[in-house]
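Structural features, examined
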Amino acid sequence: MDNGGFCNDTYPSGSSDDELVDISDVTVDFSEDVPPLDRDYSAGCCKAEWRPNNSPKLMDLLDDPVPGIGTYEDFNTIDWVREKSKDRDRHREITNKSTQSTVALLFSISDAFSGWLLMLLIGLMSGALAGGIDIAAHWMTDLKEGVCLNGFWFNHEHCCWASNETTFQERDKCPQWKSWAELMVGDSKGPGLYVVNYFMYACWALLFAFLAVILVRAFAPYACGSGIPEIKTILSGFIIRGYLGKWTLIIKTITLVLAVSSGLSLGKEGPLVHVACCCANILCHFFTKYRRNEAKRREVLSAASAVGVSVAFGAPIGGVLFSLEEVSYYFPLKTMWRSFFAALVAAFTLRSINPFGNSRLVLFYVDFHTPWHLLELIPFVLLGIFGGVWGAIFIRANIAWCRLRKNTCLGHYPVLEVVVVTLFTALLAFPIEYTRMSSSELISELFNDCGLLDSSKLCSYASNSGNASGSVNATAANGLGARLAGQGLYTAMWQLALALVLKMFFTVITFGMKVPSGLFIPSMAVGAIAGRLLGVCMEQLAIRHHERDIFRGWCSPGADCITPGLYAMVGAAACLGGVTRMTVSLVVIMFELTGGLEYIVPLMAAAMTSKWVADALGRESIYEAHIRLNGYPFLEPKEEFRHKTLATDVMRPRRSDPPLSVLTESRMTVEEVERLIADTTYSGFPVVMSQQSQRLVGFVLRRDLVISLGCRHLAIPQCVTSRENARRHQEGMVSMSPILFTECDPPMSPSAPPAVKLRSILDLSPFTVTVHTPMEIVVDIFRKLGLRQCLVIQNGRLLGIITKKDILKHMAQMANRDPDSILFN
């Protein structure tokens, strides 16, 4: 892997289930009639007289299970059908035994309860980690500006809460909190005060970012990025070992705090989904049912995705919908209930920790008193259009920047890139109040509804006794002059406009760097700024022209005409929807996030408009775009296949190629099979009755063959690791021992070496289609059943194979994309 194994780089090549099986020297004529069966015992009639009494005994290597059988190599796709079948067999066996003894009954009950216990542990662990991350991030963010004298572990807000000298007008100022300039210079005023604070802010930001990227590079390369594209790929059945491991969890938790505290334009919400999935994967190892079954483990990971959003936003219901709509590949009803339970436990744990200190679970609580008007749907839709356009522009710009990083020397210096971006972010962010504060604090400020004691510049309105004239005097006479914009509000508007440009630029180049980086909060910040700007404009327009018919009834004396904070909330939803293409889950997350249940209609209008506009400019969300950029073998369930092609147009081999190399059910020796394994790197082989008939019998996985035989005469990596396990099961086997996949015992001479029976590892019911099956149906089969490969037959005769990689390549060709540039290596 390039760059020390950093994510988004090229993975090591090896055995891949998406590659084609090798080619043999036998040509299959498509037009030839199928020859008759070449031996009687293949039809299922076992004749005892075929094997002499003194012939060697057959060796069934799998009479006792060999460790490793049924497992998968790294960067392979699991067989969903086989995993579900294994789970049904296990459950059936436990149910049958439960009637035989009390111990078996208790074991059956504990097995049924283990899933709920696992959800409880995931919720508790994820909630505790999220609470710790929130507390540490708030403290380290404020550490860039100063320190609390009462206790260095207090952040700015908590330090001032404990002060008796704090006032409502200056609630952020207290004698106990000292800036770095006050501690170093000893004076609260002076020309050098600003310079010292500026310098310390940049130094702390550089230190946090440098530590984050160094820790990721040295200990856990998979801890970088958001993690949601990889989680989506893993949930579809792909295996990336180590991505959800304990080192990834530890390093991502630490570096997430550092990255957020550095002031970079990123959030912690997406990485918290990765953190929750790491917790789930680690806890799965304590439960046999989930440790030994990849499909069951992915059901748990789907629930963990809901837990991640629940602890990120305090939105348990939105988390379940997010997992269902955006992340999960397979989401049965049982998983939905368990996801809801786990998200509830995680939210309760986070509420118990109370990281925000306000006894609320919601992150951005709003308490708007002014109802919205029907005509305000027009500016809400405009915000949706802005969110869709911004989402499409951001995706294209970010993917172009990430592709430049991958294909140029920029990707060879990840530490330098992070340090340089952090330096520029700190230097440009500090002079502007709205970029210097954290993104979460900025969104809270923008969502805020101005009160009588609010000292924010966004609430700097002129008094009724102003010096205005004309229509403004008339407005003041009607009691509406208190909401006219003052000098402080005009200053805030210019600063917000500049902050909007900087946020958009830095979000593009920050997402995808080699530090944990989420996208939810930066996208919401962009939309909230745009929404607040539009909301203030609409407010001033309504106040100054309240007598016109279009604004008649909007304004009344002593009340607000328009709530600018509502526009910020709608804009945040619109931009987040344009980037992620969420709809239902987005609306639920937003009203859980803010508590603004009565504003669902504006949120729905903005979210749907944003998705329509963004889809018109580009079909992919940011996560799907990064999946395609990294070349993960992921079949998007939402994408429709409309092309009129057939299975014969996609299957391998092509008509000009030699046919597939296959295993025969009874006429190959151990040496021949070992040689086939050594000469190929593919993950499975069809088993046919004979090279002449090519009648399909089943499909066997390469890994199962390697583990069963041990490959004693070969020096390939898979054989070395499995040799010791296999030797315990194959005493007496020699290179000339025949390998049997048959149910019956074929005739053997007394002097022949003992045969090796491997029918136990043979898949007797591989999925097959005919050459005339439309590809639209084939793609649906692969999506809904999670297949690794599908065999193509004609009248029972094997003609070819279609793998997931073939489908991805075909879909890329149909979309006029270069297939070799997107396929996983």
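Residues numbered from 1 in each chain as written. Predicted model: local features only at pLDDT ≥ 70, side-chain atom pairs only at ≥ 80, totals over all residues. Heavy atoms only, no water.

Things to note about the nonpolar core
Core analysis: the largest hydrophobic core is formed by 169 residues, its most contacted members being Phe313, Phe447, Met524 and Met590. Broken down by element, the residue count for this core peaks at 12 residues, all from helix α19 (residues 520-544). Val673, Leu676, Val687 and Leu758 belong to the second-largest nonpolar core, a separate cluster that totals 21 residues. (Core = buried A, V, L, I, M, F, W, Y, C linked by side-chain atoms within 4.5 Å. Buried < 20%, exposed > 50% of the residue type's maximum accessible area, 1.4 Å probe, protein only. Helix = DSSP H or I, 4+ residues; strand = E, 2+ residues; numbered from the N terminus.)

Regarding the sheet that holds strand β10 (residues 768-770)
In spatial order, the strands read β10-β11-β12; together these 3 strands make up an open sheet with mixed pairing. Because the sheet does not close on itself, it has two edges, and the strands there are β10 and β12 (797-803). Sheet twist, expressed as the mean angle between neighbouring strand axes with direction ignored, is 35 degrees. As paired elements, β10 and strand β11 (residues 789-794) share 3 bridges and run parallel to each other. (Pairing = 2+ DSSP bridges. Axes fitted to C-alpha atoms, helices over the stretch in contact; angles between N-to-C directions.)

Here we look at the pattern of salt bridges
All told, the structure shown has 16 salt bridges when counted by the stated rule. In this structure, Glu269 engages Lys268 in a salt bridge whose closest nitrogen and oxygen atoms are separated by 3.8 Å. The class of Lys268 is buried, set by a relative accessible area of 7%. Glu433 serves as the salt-bridge partner of Lys457, at 3.8 Å between the closest nitrogen and oxygen. With Lys457 in the loop between α16 (439-447) and α17 (471-477) and Glu433 in helix α15 (residues 433-436), this pair connects stretches of sequence that are 24 residues apart. In this structure Lys457 comes out as partly exposed when scored by relative accessible area, which is 33%. A relative accessible area of 27% means that Glu433 is categorised as partly exposed. A cluster of three or more residues bridged by salt bridges with shared partners is formed by Lys84, Lys296 and Glu299. (Salt bridge = Lys/Arg side-chain N within 4 Å of Asp/Glu carboxyl O.)

Focus on the sheet that holds strand β4 (residues 663-664)
Strand order in the open sheet made by the 3 strands is β4-β6-β7, with mixed pairing throughout. Two strands close off the open sheet at either side, each with one partner strand: β4 and β7 (696-701). Examined bridge by bridge, β4 and strand β6 (residues 684-688) share 2 bridges and lie parallel to one another. Bridged to Thr664 within β6 is Val688.

These figures come from the coordinates and say nothing about function on their own.
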